[in-house]
Amino acid sequence: MSLLVVGLSHRSAPVSVLERASLAVETQAKLLQDTLAAEPATEAAVLATCNRIELYADVDKFHAGVAELSTLLAQHSGVGLEELTPYLYVHYEDRAVHHLFSVACGLDSMVVGEGQILGQIKDALARGQELHTAGRLLNDLFQQALRVGKRAHSETGIDRAGQSLVTFGLQQLAAGADPERWADGKRALVIGAGSMSSLAAATLARTGVADIVVANRTRSRADRLVEILQQGDDTSVRARAVEMSAVGDELTRADIVVSCTGSTGLVLTADALADALGVTLDAAPERPAVTVTPAPADVDQHAAWVENGSAAQAGRATALRRVTVPAQSTGPVRLALLDLAMPRDIDGAAHRIDGVRLVDIESLAEASADAPMAADVDRVRTIVSDEVAAFGAAQRAAHVAPTVVALRTMAAGVVAGEIARLDGRLPDLDEKQRAEITQTVRRVVDKLLHAPTVRVKQLASEPGGAGYADALRELFDLDPQTVAAVSRADLNDPNRGRS
């Protein structure tokens, strides 16, 4: 196994860089195809969310793989390699497995314990399968990551360590008030009808808003989301769908706006928001910005790169960054805006408009930095460590399995040849005698092979056990082409990796 991940996230890069590096769905597909076309990679998958962009690959060379994957990320994101490099982290083999499992459990999320990442991992796997870029290793890895994430949520209280990004965002909009009391009776506008927007609409309905209007470029998806909201038994919310062209009019009636689309440009400009509130943006007072210093990126994230001679690059990535955060209006809030998109949907200049409160990905990251960590987080970390060890053992054992199958196939061929020779020498044997001799020879071969094949699987599952398959091939003079054929048959099994 030569698993490599190169990526950047809210822990390593400022939101401004993440926004510019965000990848549209069609760009992700092109990135996957170009990664497979690159020499070091044989499999590839992309995990792209609002606060992370990660490229996973099975590579045969570490240094060449890091260089190639970094270059491809830069090319497809449109951010220059020299600018992007300081924010990249690199994980290799077991460290890469540990990273993905931690991500799946919500340990690496902006809000610890959120479960939305599981759906995003599932989408990344489905995309890799659809494009045939995810092979045996990445199929196994992402399938297991989904199981580990589900286990963490079912066996621990990690959900209590943090809320979903939507819930946390509404809490920030409420500014210390009880979210349900704050939202009670309000009118909400939800822009977008994807998974995050759907979650936002459902959360708003449960929180107690009176009306929800859904706007989406594809009207049928907005209609479907409205239908789902109205079928809910736990809410009495009134919901309706509108065209995107009606957003301007709906802004004049909304108290809360949640936006999460896949747009590459602004969906709500500051001018549009000012018009909806009946104020002039140019006359809005400029409030002084507040400068904060976030914690540095985790040094361990860059350890693999540091250990392989790129300490200077990793060092730049761990330097403290100063982020300028616009000050919010201190007056009464007429319009509360929650921007969950990356790149952003809502103009950051909206903070200049009196009566507007804006919460976006950047402000959520800062607010969640001091969120309390539940004791269950330690239990999840233990689960991740155990699962990483189990996954590594299973992968190493799987590596030797084709060699064991090839050995048993060779032995079966030897038995068949000897039985055929016996038939030529003793043609008068009846069927019962022949069957007994055949069974006896097979039992002898099975007993001779049983202990070494069981033992080689055990040894291969241990750290450093990858060489046992090679030793077995040498000892029994197995044809490498036969072993490779077994591996290809296993890889092409249509039932492999299904759960």
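This text goes with the structure placed above it.
Quick caveat: nothing in here was measured; it's all calculated off a predicted structure. (Residues numbered from 1 in each chain as written. Predicted model: local features only at pLDDT ≥ 70, side-chain atom pairs only at ≥ 80, totals over all residues. Heavy atoms only, no water.)

Draft legend 1. Seen up close, the pattern of salt bridges. As enumerated under the stated definition, the model contains 22 salt bridges in all. The shortest N-O distance in the salt bridge between R219 and E243 comes to 3.3 Å. On the criterion of sequence distance, the pair formed by R219 in helix α12 (residues 219-231) and E243 in the loop between β7 (238-242) and α13 (247-251) is long-range, its members being 24 residues apart. R219 sits in the partly exposed class, given a relative accessible area of 31%. With a shortest N-O distance of 2.8 Å, R434 and D423 are connected by a salt bridge. Placement of R434 in helix α19 (residues 431-460) and of D423 in helix α18 (residues 376-425) is noted, with a sequence separation of 11 residues between them. By relative accessible area, which is 27% here, D423 ends up partly exposed. Overlapping salt bridges, with partners in common, bring together R11, R52, E54 and D108 in one network. (Salt bridge = Lys/Arg side-chain N within 4 Å of Asp/Glu carboxyl O. Helix = DSSP H or I, 4+ residues; strand = E, 2+ residues; numbered from the N terminus. Buried < 20%, exposed > 50% of the residue type's maximum accessible area, 1.4 Å probe, protein only.)

Draft legend 2. Quick look at the sheet that holds strand β2 (residues 41-49). Reading across from one edge, β2-β3-β1-β4 is the order of the four strands in this open sheet, with antiparallel pairing throughout. Unpaired on one side and paired on the other, β2 and β4 (89-92) mark the two borders of the sheet. The sheet shows a mean angle of 15° between the axes of neighbouring strands, taken without regard to direction. The pairing of β2 with strand β3 (residues 52-59) spans eight bridges and is classified as antiparallel. For T49, the partnering residue across the bridge sits in β3 and is R52. Together, β1 (3-9), β2, β3 and β4 form the strand contacts of helix α5 (residues 94-104), whose direction differs from that of β4 by roughly 115°. Sheet strands touched by helix α7 (residues 136-155): β1, β2 and β3. Its angle to β2, the strand with the most contacts, is close to 30°. (Pairing = 2+ DSSP bridges. Axes fitted to C-alpha atoms, helices over the stretch in contact; angles between N-to-C directions. Contact = heavy atoms within 4.5 Å.)

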